[in-house]
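# Results of the structural survey
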Amino acid sequence: MKQFDPTPEQLAVINHRGSHALVFAGPGTGKTETLARRFASLVADDGVDPGAILVLTFSRRAAEQMLERVLLRLRQRTGHELAVSELFVKTFHSFCARLLDGDGPRIYERNLLTPIKERLLWKGVAQRTELRSFEEDVRTSPAFATDALNLIAQLKGQGVEPEMLRDAAGSDPRLRDIAALYAALDSDRKRLNLSDFRDLVKDALAALADSGSPASRWLRGRGGFRHILVDEFQDSDRLQLRLLEALAGPDPARANPVPEICFVGDFNQSIYRFRGATPENIAEARTTFACRVLTLQTNRRSGQAILDVANATPGLDSKSKTDAEDPTNRGSVRLVRATRPDAEIAGVCDAVAGFLAAGTPAREIAVLLRASEPYTSLIVAQLDARGIPVAARPTAGFLDDPAVDAVLTTLRLCADVENADLWTRLLSNPLIGFGRLSVRLAFDAARRTYVKNAFVALTDNPPVGVRPFEDFLRAWRHVERESERADVASLVATIVREFDLLRPVRESAASPAAPIPGWDPRSSPSRVGALVEAARDLVATSRALGQGRVHYGRFVDDIEEIAGLLSDPFAGPAQESDGVRVMSIHAAKGLEFDVVIVPQAIDGVLPQHERGHALLTGASRLAVTRVAPAIFARENDAYQEECSLWYVALTRARRDVLITASAADDDDIELPLSPFTRPIVNRSEAHVRADGVMARPREAGTTDALPQPRSPIVYAVDHLSPSSVERFLACPRRFFYKDVLRLEVERDEETTLLGSILHAALAEFHATERVFTPAIEMSGAKERWREALLAHVERATPISAAKAGFRSDSSFVRYQLALARRFAENYAEWLVAETMRAPFDVLACEQQLVSNIGGVPFMGRADRIDRLLSGGLVIRDYKSGKAKPSSLRAVRAALELIDRGELVAGDAPDGLTLQLLTYVPGAEALFNERVARVEYLYARDKDGAQTITTDTVAIVDALEAADASAITRLELNRVLLEIGAAPARALAAGDYRAFWTAREIQTCRFCDFVRTCPGALAVAP
Ligand code: SF4
């Protein structure tokens, strides 16, 4: 194992004592090594008993690696060899199981709820539970089972019990159905005394809460743990955090805590939220445990060029961004665009061949994919065809494995013994060993003597193979007898034994045998084992459910579904397996390679845009978040997880990264380049470049990443609206689709319903309530306005809901109504305060305005225009969402960009909106009075809390703005002309050569044209 001198930051983690610690550990910073050395230091320097240190990981592989490293460092520091049983280096689940066992003999009889047992329970539950919203064919489908069980697993991880979900569901029929299924499944699980991994944590928590439980007694008896080291903390879920809190005792934030917990995690590598991981735990633990924050940022793995691109990934937490320890170690990052997917796949395989030819070992090359299929299969097939070894994937080829095929064909034959095709298939299986031609000749000979029975045909004309046919027949008769009386578990075991399907294992142990087609010495034995286990699970569960003997026919019928459950779809190839790694980015977490190739760097693939839930509507999801706020990634979190996937993929590489992307799909539809590639496109140094060169000179099928120049565009805009200007500022390509091509967009009624309710209610309210000056009776005004507003909200809600196509009694509409009511209450308060602070009269609501700006007509509708008692107009606009950054600051930033000769459109400063400023000339013309200020009223503050927040821009006549909240008339005119009217004037003059695309991928997230557009950065100005 590689020795290393700890860096100062690693020493800080190793030697930290006296408080809990939260270590932000970036990729390649040696966190396993650092934790192992901390363990050894606690033992060797502080005299801590090794058994009093608990190390928790999230996977068995990580626990094994950690244990190996801890033993090594302990040996080095103490000079003693420790037995594994003395150490507590465990996964969360195995630790919980140990905890539940308590003292002495293992008294807690756990029966693990394997995925197969769970699926069997599910089938019964899905059939007998009365559901309102899922049809019969849906509820019995494997896809429904997978989606529903995933959701239930996530809920469990957040500590949500079936009853909690039922209560949160209200009248939402889908959620009520899921809650009913969850309850029925949980009841069966408890009745059969089965537990899955999450149940183990839950049970352990319950046991720790009971001071008389075996778990509590055991923990007390051994004096608890003095130190806890938690690896990959970003992958923890709520229950796991609660478990750590329980272990920490009543005052987790005290000084010199016992146990002292060292949390190690990397928010930037959080990619398992869909499995229940809750990266918010990092922030929560920091506060709850009053952690000292430490960082590991020296990267000993990747070249700096790779890290430069990885560190440019949006939204990273800077505390765990890393830099190469040796900055002269640059590494390389290249981006290649191919014309079509087949050219891209060929290019990837060329590159692999090139790296191999240059001396990189096959196992040091990884092809990492965001969306596995069909690319994975196509790349593997092409590598296979070129004779390039590919590491075996546990999930691939299960049903094609000759041992598995022999078992399944035999089971089918038991039910259909005269089927000649099945006999041919079984006998010619390479593990059974009869020649296909010989079997066919046997059937031909039988046919000539009019023998139709397949079995008789074979016994009359024995085929020739690696063993006498008589031997095979003897084995077959045993199998046949077993099929008549035994259950499928015994039958599968009998087939494996009688046909000696594990013979290659024995033979290769004695002497290397000739390769058997399809047999993989690293994965075939475990596949046979998994098949036997699956059959046992089926039998055990059926017995427990009182369903009697399990016929093998049922096993065969369900085998495809069962095969899909036998291994983790996100697992990578076995470590000992040789060959090029072709796998998902998820599977690559924690691994490293000399070379990483990331195909399909396409916007929509990486990052994925949509993560609609297969089972739940938006309203159902909202209801779920009331009991499990972390369960559904908020829009931003989902995008952040895509960023993390990109970051994880890149930081697996030590030396070379190759990114590939097809320019168009098989139907010639343009494919947008992933915005994550922007740092590559924007750099031209030798180590980081966008070009068409793979591992060998460019050839047909690859193209440059950068677009070609175009002719000037001349287009006459007849008028502009504030929203068309905003579209242009956000992305000229979006303006092109909507305002030039006039493409229809689907309204997202879910996101606009609250706005519609508020606008309708406020328009009605201010139709009668117009005076907000001390002239009115102020006592009781707030209550009066509040009641009137609430009444308008109640009236507007069903009307707006009906227009948007929602049922008024749906939980979504009820939730929107609750938000609107809250707004009404806040607004009444705001009105009272504003009446005291800056009294006004309402002049107009929903007022149509036309402004002429530099010869370009602007049309729009102002939500409200007020006249201040102190003089001057106020134009106000209601916003139902979260407050944006100051519009004035954004306007000034935009003017600075213009002053520097830079383009604003497509890369506009955050919060830039001209909406109310463009109304100013029209309002002044209509009311013949100066506008003193414009004001946006947001329903929520920037953190999302429901409180009215204003963004006000005063308009002053002075040459210089009086303060940061005012704009001068001079600036206003510049804004209107140089930003507002500029696109129309430039398009008329033919100043643009393209409707270029946005520069930031975030801009595309709320765009209606993601399916039409090549995406951010695809088209240059
Ligand atoms: S998808 Fe992105 S680049 Fe394309 S139009 Fe929309 S915002 Fe612009």
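Our subject is the structure listed above.
About the thresholds
- Residues numbered from 1 in each chain as written.
- Predicted model: local features only at pLDDT ≥ 70, side-chain atom pairs only at ≥ 80, totals over all residues.
- Heavy atoms only, no water.
- Near = heavy atom within 4 Å.
- Helix = DSSP H or I, 4+ residues; strand = E, 2+ residues; numbered from the N terminus.
- Nonpolar A, V, L, I, M, F, W, Y, C, P; charged D, E, K, R; others polar.
- Polar contact = N/O pair within 3.5 Å; in protein donor to acceptor, adjacent residues only side chain to side chain.
- Contact = heavy atoms within 4.5 Å.
- Core = buried A, V, L, I, M, F, W, Y, C linked by side-chain atoms within 4.5 Å.
- Buried < 20%, exposed > 50% of the residue type's maximum accessible area, 1.4 Å probe, protein only.
- Salt bridge = Lys/Arg side-chain N within 4 Å of Asp/Glu carboxyl O.

If you check the shell around the ligand, you find 13 residues, and the closest are Cys731, Arg734, Cys1004, Cys1007 and Cys1013. For the shell around the ligand, the elements supplying multiple residues, two or more each, are helix 32 (732–740) and helix 40 (1001–1004). Looking at the shell around the ligand element by element, the count peaks at 3 residues for helix 32. In terms of residue class, the shell around the ligand is made up of 8 nonpolar, 3 polar and 2 charged.

Among the secondary structure elements, His20 is positioned in the loop between helix 1 (8–15) and strand 1 (21–25). From its side chain, His20 meets the backbone oxygen of Pro252 in a polar contact 2.9 Å long. At a separation of 2.8 Å, a polar atom in the side chain of His20 contacts the main-chain amide nitrogen of Ile261. Not counting residues within four places of it along the chain, the set of residues in contact with His20 comprises Pro252, Pro257, Pro259, Glu260, Ile261, Phe289, Ala290, Cys291 and Arg292.

Tracing the sequence through the fold places Lys202 in helix 10 (residues 197–209). Not counting residues within four places of it along the chain, the set of residues in contact with Lys202 comprises Glu161, Arg189 and Leu239.

Let's shift gears to the nonpolar core. Membership of the largest hydrophobic core comes to 56 residues, with the highest contact counts inside it found for Leu411, Trp423, Phe472, Phe499 and Phe555. A total of 8 residues in this core trace back to one element, the largest contributor, which is helix 17 (residues 402–415). Those residues in contact with Trp423 that lie beyond four places of it in its chain are Leu413, Val417, Phe443, Ala454, Phe455, Leu458, Phe472 and Trp476. With 55 residues, the next largest nonpolar core counts Tyr737, Ile853, Phe858 and Val953 among its residues.

What follows covers the pattern of salt bridges. Counted according to the given criterion, the structure contains 65 salt bridges. In this structure, the salt-bridge partner of Arg892 is Glu971, at a minimum N-O distance of 2.9 Å. With Arg892 in helix 36 (residues 887–899) and Glu971 in helix 38 (residues 969–980), this residue pair connects regions lying 79 residues apart in the sequence. Accessibility expressed as a relative area gives 24% for Arg892, which makes it partly exposed. With a closest N to O distance of 3.4 Å, Arg969 and Asp957 form a salt bridge. Taken together, the positions of Arg969 in helix 38 and Asp957 in the loop between strand 23 (949–956) and strand 24 (966–968) put the pair 12 residues apart, joining distant regions of the chain. Under the relative-accessibility criterion, Arg969 is labelled buried at 14%. Among the charged side chains, a salt-bridge network with shared partners connects Arg301, Glu364, Glu592, Asp594, Arg654, Arg655 and Asp656.

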